[in-house]
Amino acid sequence: GWHFVMTSGLVLHLSPHGFDEGMHGRYAWVQDRPIFCLEGIKRLQAVLKHLAISPSQIFLIPDRDSEILAYATATEFQLPIKPWPPEGSQEPGLIVVYDLKQLSQPLWQQLSVHHPGQILFCHAVCFTEDFPVAPDVHTYFYQFNTPPWGEKRVQSEDQTTWEILPPLEGAPEEIAKLITESDISDANLDDIPSQI
C-alpha cells in the first residue's frame, strides 16, 4: 500500500521472510530463478487483464538482462518485439526491464517521461537506492539480487563448501526459454482469481 501511495506503482510479489522484522515484504538477498521471472510475467498478465489493458507490442531495452526478460514476456503475451530507439519512443507498448539499477542514466531519463499507452514493467527493484523513475508494475523489492542467468553461488554436493558458477552464455532469446519453459505448476499463483 505505501508503495502505491508514493509512486502509483503496483508490487506483484511480497517476500514471506522477515515480514515482521522490518522487511515488510521486501527481500534482503535474492538469487533469482527462471520460475520467479515467469511468476512475475503471469501476475503482470493478470493485472493488465483485470484493468482491461492490452499492450500492442513489447519494447526491447538495450540491456542484456532486460532483453532476456522481454523475449520471455513477448512469448507469454504473444506480442511482437520492437527495439527501443536510442532517442526513446512515444509509441504505446509494454516496456520490459529486468532491473532498474542496471540501466544507464540516459535510459532512466527517457523512461521518466510517461507517455500515454506506455506501461513500464520492471521485474526487480532495489529498495535501498533512489531512481528517477518508478515502474508502473514490478515483481519484487530486493537489497541484493543476482539474475537467474548470472554468476551463481552454490553449495557443493557434500554441503561443505561453496562454488561460484559462471554466468550463462548465449543469445537473449535462447536464454529466455529458461523462463518460458519453466514448470508453471511450481509458481506461486494461487492468489490470482480464477476468473481473471
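Presented here is a report on the structure given in the accompanying data block. (Residues numbered from 1 in each chain as written. Predicted model: local features only at pLDDT ≥ 70, side-chain atom pairs only at ≥ 80, totals over all residues. Heavy atoms only, no water.)

### Overview of the overall build of the protein chain
Along its length, the protein chain carries six helices and 10 strands. With 196 residues in all, the protein chain has 46% of them scored as buried. Put simply, of all contacts in the protein chain between residues at least 6 apart along the chain, 65% involve residues at least 24 apart. As displayed, the protein chain offers around 10,600 Å² of accessible surface, 53% of which is attributable to carbon and sulfur atoms. (Helix = DSSP H or I, 4+ residues; strand = E, 2+ residues; numbered from the N terminus. Buried < 20%, exposed > 50% of the residue type's maximum accessible area, 1.4 Å probe, protein only. Contact = heavy atoms within 4.5 Å. Areas by Shrake-Rupley, 256 points an atom, 1.4 Å probe, with all protein chains shown as cover.)

### Brief notes about the packing of aromatic side chains
Throughout the structure, instances matching the rule amount to four aromatic pairs. Ring centres of F36 and Y140 lie 4.7 Å apart, and the angle between their planes is 10 degrees; this geometry places the pair in the stacked category. Taken together, the residues span a long stretch of sequence, with F36 in helix α2 (residues 34-50) and Y140 in strand β7 (residues 137-142) at a distance of 104 residues. Take Y140: its relative accessible area is 0%, and that puts it in the buried class. (Phe/Tyr/Trp six-rings, centres within 6.5 Å; stacked < 30°, edge-to-face > 60°.)

### Observations concerning the packing of α2 against helix α3 (residues 64-77)
Direction vectors running N to C along α2 and α3 enclose 50 degrees, while the axes themselves pass 10 Å from each other. When the interaxial angle is binned, α2 and α3 end up oblique. The two elements α2 and α3 meet at a crossing, and its hand is right-handed. In contact with C37, L38, I41, K42, L44, Q45 and L48 of α2, α3 contributes L69, A72, T73, E76 and F77. Taken together, the residues of the contact of α2 with α3 sort by class into eight nonpolar, two polar and two charged. (Axes fitted to C-alpha atoms, helices over the stretch in contact; angles between N-to-C directions. Parallel < 35°, antiparallel > 145°, perpendicular 65-115°, else oblique. Left-handed = near helix turned anticlockwise from the far one by under 90°. Nonpolar A, V, L, I, M, F, W, Y, C, P; charged D, E, K, R; others polar.)

### Overview of the pairing of strand β5 (residues 93-99)
Regular strands show a simple pattern: their side chains alternate between the two faces of the sheet. Of all seven residues making up β5, seven are buried, and the element is well covered by its neighbours. When strand β3 (residues 58-60) meets β5, the two strands line up parallel, connected through three bridges. Looking at the pairing, F59 lines up with I95 of β5. As paired elements, β5 and strand β6 (residues 118-126) share six bridges and run parallel to each other. Across the sheet, the residue bridging to V96 is F121, located in β6. With helix α4 (residues 105-111) bridging β5 and the parallel β6, this β-α-β connection has right-handed handedness. (Pairing = 2+ DSSP bridges. Right-handed = clockwise from strand over helix to strand, strands pointing away.)

### Description of the pattern of salt bridges
In the structure shown here, the tally under the stated rule is four salt bridges. In this structure, K177 and E174 form a salt bridge, with 3.4 Å as the shortest nitrogen-oxygen distance. (Salt bridge = Lys/Arg side-chain N within 4 Å of Asp/Glu carboxyl O.)

### A look at the sheet that holds β6
In spatial order, the strands read β1-β7-β6-β5-β3-β4; together these six strands make up an open sheet with parallel pairing. Of all the strands in the sheet, just β1 (10-11) and β4 (81-83) have a single pairing partner and so form its edges. Of the strand pairs in this sheet, β1 and β7 are connected by two bridges, and their pairing is parallel. Across the sheet, V11 pairs through a bridge with H138, a residue of β7. Strands β1, β5, β6 and β7 of the sheet are contacted by α2, whose axis makes an angle of about 145 degrees with β6. Docked against the sheet, α3 engages β3, β4, β5 and β6, running at close to 135 degrees with respect to β5.

### Focus on unusual backbone geometry
Its identity is not glycine, yet A52 carries a phi of approximately 55 degrees, on the positive side. With respect to the helices and strands, A52 occurs in the loop between α2 and β3.

### Description of a nonpolar patch on the surface
Residues L10, L51 and I53 make up a contiguous nonpolar surface patch of about 230 Å² in total accessible area. One can find L51 in the loop between α2 and β3. (Patch = residues over 30% accessible without salt bridge, like charges linked within 9 Å, V, L, I, M, F, W, Y side chains within 5 Å.)

Just geometry here; none of it tells us what the structure is for.
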